[in-house]
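Architecture at a glance
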Amino acid sequence: MLGGAGALGAFIIVTMLGTLLQASYQDYSLEVDAFKDKIDIGEIYRVIIANNGRNDITNITVDYGTYKESIPKLKAGEKISLSPREDANKDYVTVTAEPNIHIVKEYRSIPKM
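This structure is a prediction, so every number in the text was calculated from the model and none was measured. (Residues numbered from 1 in each chain as written. Predicted model: local features only at pLDDT ≥ 70, side-chain atom pairs only at ≥ 80, totals over all residues. Heavy atoms only, no water.)

Details of the overall build of the chain
Secondary structure summary: the chain contains one helix and eight strands in total. Counting from the amino terminus, the chain carries its helices and strands in the arrangement α-β-β-β-β-β-β-β-β. When burial is assessed residue by residue, the chain has 27% of its 113 residues classed as buried. Of the contacts formed within the chain by residues at least 6 apart in sequence, a portion of 51% connects residues at least 24 apart. Per element, the accessible surface of the chain, about 7,800 Å² overall, is 57% carbon and sulfur. (Helix = DSSP H or I, 4+ residues; strand = E, 2+ residues; numbered from the N terminus. Buried < 20%, exposed > 50% of the residue type's maximum accessible area, 1.4 Å probe, protein only. Contact = heavy atoms within 4.5 Å. Areas by Shrake-Rupley, 256 points an atom, 1.4 Å probe, with all protein chains shown as cover.)

Some thoughts on the sheet that holds strand S6 (residues 92–98)
Pairing is antiparallel across the open sheet formed by four strands, whose spatial order is S4-S3-S6-S7. Unpaired on one side and paired on the other, strand S4 (68–74) and strand S7 (101–106) mark the two borders of the sheet. Looking at each pair of strands side by side, their axes are set apart by 20° on average, direction ignored. The sheet contact formed by S6 and S7 spans six bridges and is antiparallel. Within S7, the residue paired with Tyr92 across the bridge is Glu106. (Pairing = 2+ DSSP bridges. Axes fitted to C-alpha atoms, helices over the stretch in contact; angles between N-to-C directions.)

Quick notes on unusual backbone geometry
Cis peptide bonds are those with omega within 30 degrees of zero, and the linkage from Glu98 to Pro99 qualifies with 10°. With respect to the helices, strands and loops of the structure, Pro99 is situated in the loop between S6 and S7. Unusually for a residue other than glycine, Asn59 sits at a positive phi of about 50°. On the secondary structure map, Asn59 appears in strand S3 (residues 57–63). In this model, Asn100 sits at a positive phi of 55°, which is unusual for a non-glycine residue. With respect to the element layout, Asn100 can be found in the loop between S6 and S7. Given the relative accessible area of 76%, Asn100 is considered exposed.

Details of the nonpolar core
Most often, soluble globular proteins have nonpolar side chains that are buried together. Within the largest apolar cluster, 21 residues are counted, with the highest numbers of intra-cluster contacts made by Leu30, Val47, Ile49, Ile60, Val62 and Tyr64. Of all the secondary structure elements, the ones that give two or more residues to this core are strand S1 (30–39), strand S2 (42–51), S3, S4, S6 and S7. In contact with Ile60, other than residues within four places in its own chain, are Glu69, Ser70, Ile71, Leu74, Val95, Thr96 and Ala97. (Core = buried A, V, L, I, M, F, W, Y, C linked by side-chain atoms within 4.5 Å.)

Some thoughts on the sheet that holds S1
Pairing is mixed in the open sheet, where four strands are placed in the order S5-S2-S1-S8. Unpaired on one side and paired on the other, strand S5 (79–82) and strand S8 (108–109) mark the two borders of the sheet. Inspection of the sheet shows S2 paired to S5 by four bridges, in the antiparallel sense. From the neighbouring strand, Ile49 faces S5, where its bridge partner is Ile80.

From the geometry alone we can't say anything about function, so treat these as descriptive.
Next comes the structure, spelled out in structure tokens:
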């Protein structure tokens, strides 16, 4: 029984590593992390956008629901941090870009240590 569990664990690890490696070798790969952090005086919202692909990504639009921001180009390996305005939607953010990228991310809470 333990041998089967070990084989299953190894399969899961190999599958996860394959997925991570595949993303790093894609021509176009955009990662979006939207999070909120509670501080003494309220909450801070951030959106991190990273180009994990081999090619530049262009015409990036960050849609906060009440307004949009445009980023002309994000070079391969480049990462940017954005701070939404106070009137932004606090539930999710939508990021679109060329070529054919559409990502919707809910804001996640950062765990406190």
